[in-house]
Amino acid sequence: MGSFFSIEIAKRGLFAQQRAQQTTTHNITNANTEGYSRQRTDLESAYMRFGGLSEIGMGVNVSDVSRIRDSFTDMQIRNELSGLAEWDVQSELLRQVEDIFNEPTDIGVSAVLNRFWESLETLSNDAGSSEARETVKERAVTLASTINHTANQLHEMQNDINFRINVKVDKVNSLASQISDLNQLIQTMETSGKTAPDLRDKRDILVDELSSLVSINTYEDENGLFTVNVGGAILVKGSDCETMKFDGTDPNARVKWEKYDTEVRLSKGELKGLVELRDEKIGNYITQLKEFAKNLSYEFNEIHKSGYDLYGRGGSETDGIDFFVFNPDDPVNCLTVNPEIVHDPSRIAAAASPSGLPDDNRNVLRLAGLRSTRITGLNGTLDDFYGTIIS
């Protein structure tokens, strides 16, 4: 019997070391595999009870093949991935916003506005000049077109962000589905008490990818049921998963839970970065740009209507005409030049009195002086306010 036990112990030892060698080889060959966790062969002593009173050592058994991985480190990494992805996407898109504003360049709003002011100063030197009036008109049209073009590009960028949000929501749903499928497979394979390290690695890769899209919390209960929470709600629980939805056709759409039609609480991640950029940063740029156009139009028109054109018309709220037309509800052209002035620059009200025509330049001097006039609603001049938008 002693020889039999010795042979059995030796056989168990050989099998255990062979399995350990296989694990080592598996680790080496997967050294460059993304998401792979180094594995360890867990050994335990084997024994046999004799008559319930004593034990006889039977060598060694392989109890499990476990992963060398720290769940606390995983949690920290995923938390940082969420924050990194949020700021990365915002940094990328804000560089595109810089390109839209084109500042400082010769074709940006600042340069075009400066040339408009200069054309008014030129007209003040020769109020009756048709060439100077034509220049004012052309530069006013260019200014309005530049402001409209900038606003339109920002609106287009919001539409592009909505498309990206839609793609990312679909990606979240796909990852949730894959994680739930792996949960079921892992649970099936681990019913014998052995872990499935390679499948767990695959699941962790998906969870890491998910954490860059949305901030998540994960935990595994005593029964091995793996759960993923997003914003306090369950996205994945075992083999079950919820889905998110997003209406890309709605410019102000929110990411919602499909089942409950309630908004998903996004605290970090790429989705949070995209929604925040669309609504707060780019939305604020559009609001400020339109505020600039509104104040430019109002203040300029108030002075212009009080003056007289080359025909002697104007001088009051009823007889004078607006120079600019501001329409905040027009998504394409919120600011335009009055068609009457476009067709006939003689309608520019440069004079303060009809008796001084055509050389009276007092009103155009007031228009040119608007450049340095502090606007109450803007807490500064028009140039100052636009400077705060692009700073």
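See above for the structure.
Residue numbers run consecutively from 1 along every chain, following the written order of its sequence. Only residues with pLDDT of at least 70 are given local features in this predicted model, and only at 80 or more are side-chain atom pairs given and counted; all residues enter the totals for whole chains, interfaces and linings. Calculation of side-chain values draws on the structure's entire complement of heavy atoms; hydrogens and water are dropped beforehand.

Visitor: Now, about the sheet that holds strand 3 (residues 216–220): what can you tell me, with residues and values included?
Guide: Note: two strands are recorded as paired if DSSP finds a minimum of 2 bridges between them. Here a helix means four or more residues in a row that DSSP labels H or I, a strand means two or more in a row labelled E, and each is numbered from the N terminus. On the basis of which strands lie adjacent, the open sheet formed by four strands has the order 3-4-5-6 and antiparallel pairing. Every interior strand has two partners, whereas the edge strands, strand 3 and strand 6 (240–241), have only one. The sheet contact formed by strand 3 and strand 4 (residues 226–230) spans five bridges and is antiparallel. Within strand 4, the residue paired with Tyr219 across the bridge is Thr227. Running over the sheet, helix 4 (residues 130–189) touches strand 4, strand 5 (233–237) and strand 6 and is turned about 50° from strand 5. Contacts are assigned to residue pairs with any non-hydrogen atoms lying within 4.5 Å of each other. The axes are straight lines fitted to the C-alpha atoms, using for helices just the contacting stretch, and the angles between their N-to-C directions are given from 0 to 180°.

Visitor: Could you give me a rundown of unusual backbone geometry, with the residues and numbers involved?
Guide: Note that the residue after Glu103, namely Pro104, is joined by a cis bond; omega there is -5°. Within the secondary structure, Pro104 is located in the loop between helix 2 (71–101) and helix 3 (109–125). Here the bond from Leu357 into Pro358 is cis, since omega is 0°, no more than 30 degrees from zero. By secondary structure assignment, the location of Pro358 is in the loop between helix 7 (339–343) and helix 8 (362–369). One non-glycine residue, Asn102, lies in the positive phi region at around 55°.

Visitor: Tell me about helix 2, and please be specific about residues and values.
Guide: Taking 1.5 Å per residue, 31 residues should reach 45 Å; helix 2 reaches 46 Å between its end C-alpha atoms and fits that length. Residues Asp74, Arg78, Ser82, Gly83, Ala85, Glu86, Val89, Gln90, Leu93, Val97, Ile100 and Phe101 constitute the buried set of helix 2. Buried residues along helix 2 sit against helix 3, helix 4, helix 5 (197–213), strand 3, helix 6 (270–305) and helix 9 (382–390). Under the convention used throughout, the expected extent of a helix is 1.5 Å for every residue step, that is, one less than its residue count. Residue exposure (1.4 Å probe, protein chains only): buried if accessible area is under 20% of the type maximum, exposed if over 50%, otherwise partly exposed.

Visitor: I'd like to hear about the pairing of strand 4, residue by residue, with values.
Guide: With five of five residues buried, strand 4 lies mostly within the body of the structure. Across the two faces of strand 4 the burial is the same, with Phe226, Val228 and Val230 and Thr227 and Asn229 all buried. In this antiparallel pair of consecutive strands, strand 3 and strand 4, the connection spans five residues, and Gly224 shows a positive phi of 80°. Direction of pairing for strand 4 relative to strand 5: antiparallel, over a ladder of four bridges. By the bridge assignment, Val228 is partnered in strand 5 with Val236. Counted along the chain from strand 4 to the antiparallel partner strand 5, the turn is two residues long, and its residue Gly231 has a positive phi close to 60°.

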